[in-house]
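Here's the letter readout for the chains.
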Amino acid sequence: MKFAIIGNNYQPKKSAAAEKLVHLLRQHEAQICMDADFYHFLTQEQHLKLSGLELFSGQDFTADMVISMGGDGTFLKAASRAVKKNIPILGINTGRLGFLADVSADEMEDMVSEIYTNHYKIEERVMLQLQSNDKRLMHEPYALNEIALLKHDSSSMISIRASVNGQHLNTYQADGLIVATPTGSTAYSLSVGGPIIVPHSQTMTLTPVAPHSLTCRPIVICDEWEVSLEVESRSHSFLVSIDGRSFSCDESTRLRISKADLKLKMVKRFDHHFFDTLRGKMMWGVDSR
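Residues numbered from 1 in each chain as written. Predicted model: local features only at pLDDT ≥ 70, side-chain atom pairs only at ≥ 80, totals over all residues. Heavy atoms only, no water.

Colleague: Whenever I open this one, the overall build of the chain confuses me. Can you help?
Modeller: Along the chain, the regular secondary structure elements total 6 helices and 18 strands. Taking 289 residues into account, the globule formula puts the C-alpha radius of gyration at 19 Å, and the chain, at 20 Å, falls close to it. By its C-alpha atoms, the chain is 60 × 45 × 35 Å across when sized along the principal axes. Within the structure as shown, the chain displays about 14000 Å² of accessible surface, and the carbon and sulfur contribution to it stands at 49%. Charge centroids of the chain, computed over 30 positive and 34 negative side chains, lie 2 Å from each other. (Helix = DSSP H or I, 4+ residues; strand = E, 2+ residues; numbered from the N terminus. Rg over C-alpha atoms; globule rule 2.2 N^0.38 Å. Areas by Shrake-Rupley, 256 points an atom, 1.4 Å probe, with all protein chains shown as cover. Lys, Arg positive; Asp, Glu negative; His and termini not counted. Charge placed at Lys NZ, Arg CZ, Asp CG, Glu CD.)

Below you can see the structure in the form of structure tokens.
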């Protein structure tokens, strides 16, 4: 098998995990390629000795599986590269929470063995696709977690007119609005009061950020529907965030969000269950009394 490794360049204390991973893969005579920036971080800044690796940049790689080493932010960046090539992605967590990258560094040896005995599963996750008259947003229009519209400054709210399948839904007076997948329901959307949604529920969620009205609540809709958004702002500008990639846009920007044709393939251990992760990572349902 051939593996493409993409990692976090800001975790010097966790770089030993990358060295261990390369060693484990070589024990199975795997072909290994590594993101060039990650490789230079490990060899030049962390002084690891990693020889004989194929290096790549951007989308210039082929592999049977992508391995993301870092936290969920690293996983999202790696996922945007893997999904276009329809390559499964495994997330090894060397960050903090690790909800998407849910295989710990301590589990790497078992995980690699399970890959080579074909004892793992692949979960397909729905992604969102953005369409806009702003061409900058079209270079990376896919989101695994969410697409968010946010105010550009720290003072005034923005007004977001939302329509679903051409029918007016609501005009949100708020700091922003998050359109999230089920995968993203446990990310930004959850932090501002959105619901937890199981990964395969075939829905998307609209969650307002600090809405002016107490009656303005999150709403869950069918993921076959299209959401159209228009924004008014006193500063005449706002931010669009696509899985954390932010762009400043003006009021003339029109946005349409729908389910993407692409699906991300996530590699999971057979004993992995969403509810276990929910309880273990989010402390969901835990009573500390």
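Colleague: Please explain the nonpolar core as it appears in this structure.
Modeller: Burial of nonpolar side chains together is a common tendency in soluble globular proteins. Counting residues in hydrophobic clusters, the biggest one holds 30 residues, and the most contacted among them are Ile5, Leu21, Leu25, Met34, Met69 and Leu90. For this core, the elements supplying multiple residues, two or more each, are strand S1 (2-7), helix H1 (15-27), strand S2 (31-35), helix H2 (36-45), strand S4 (65-70), strand S5 (89-93) and helix H4 (108-116). Not counting the four nearest positions on each side in its chain, Leu21 is found in contact with Ile5, Ile67, Met69, Ile92, Met108 and Val112. Residues Leu130, Leu177, Leu206 and Ile257 belong to the second largest nonpolar core, which totals 27 residues. (Core = buried A, V, L, I, M, F, W, Y, C linked by side-chain atoms within 4.5 Å. Buried < 20%, exposed > 50% of the residue type's maximum accessible area, 1.4 Å probe, protein only. Contact = heavy atoms within 4.5 Å.)

Colleague: Explain H1 here, please?
Modeller: In an α-helix there are 3.6 residues to a turn, and that puts residues three or four apart on one side. When the terminal C-alpha atoms of H1 are compared, their 19 Å separation across 13 residues agrees well with the 18 Å that a helix rising 1.5 Å per residue should span. For H1, the set of buried residues is Ser15, Ala17, Ala18, Leu21, Val22, Leu24 and Leu25. Buried-residue contacts for H1 involve S1, S2, H2, S4, S5 and H4. Once H1 finishes, Glu29 follows within two positions and takes phi at roughly 60 degrees, a positive value. (Expected span 1.5 Å × (residues − 1).)

Colleague: Can you help me understand the sheet that holds strand S13 (residues 203-209) in this one?
Modeller: As a general point, the strands of a sheet are linked pairwise by backbone hydrogen bonds and lie either parallel or antiparallel. Strand order in the open sheet formed by 6 strands is S14-S13-S12-S9-S16-S17, and the pairing between neighbours is antiparallel. Looking along the sheet, the strands with just one partner apiece sit at the ends: strand S14 (219-222) and strand S17 (245-250). Averaged over all pairs of adjacent strands, the angle between strand axes in this sheet comes to 20 degrees, irrespective of strand direction. Direction of pairing for strand S9 (residues 146-151) relative to strand S16 (residues 237-242): antiparallel, over a ladder of 5 bridges. What sits directly across from Leu149, in S16, is Val240. (Pairing = 2+ DSSP bridges. Axes fitted to C-alpha atoms, helices over the stretch in contact; angles between N-to-C directions.)

Colleague: Is there a simple way to think about H2 in this case?
Modeller: What H2 keeps buried is the set Ala36, Phe38, Tyr39, Phe41, Leu42 and Thr43. Turning to H2, the residues buried within the fold contact S1, H1, S2 and strand S3 (54-56). One side-chain oxygen of the residue at the start of H2 lies 3.2 Å from the amide nitrogen of Asp37, identifying that residue as Asp35. His47 sits one or two residues past H2 and shows a positive phi near 60 degrees. (Polar contact = N/O pair within 3.5 Å; in protein donor to acceptor, adjacent residues only side chain to side chain.)

Colleague: Mind showing me how you'd approach the packing of H1 against H4 here?
Modeller: For any two helices packed against each other, one specifies the inter-axial angle together with the distance between the axes. At a closest axis distance of 10 Å, the pairing of H1 and H4 adopts a crossing angle of 30 degrees. Classified by the angle their axes make, H1 and H4 are roughly parallel. H1 and H4 meet at a crossing whose hand is right-handed. Touching Ala17, Lys20, Leu21, Leu24 and Leu25 of H1 are Met108, Glu109 and Val112, all from H4. Residues of the contact of H1 with H4, tallied by class, amount to 6 nonpolar, no polar and 2 charged. (Parallel < 35°, antiparallel > 145°, perpendicular 65-115°, else oblique. Left-handed = near helix turned anticlockwise from the far one by under 90°. Nonpolar A, V, L, I, M, F, W, Y, C, P; charged D, E, K, R; others polar.)

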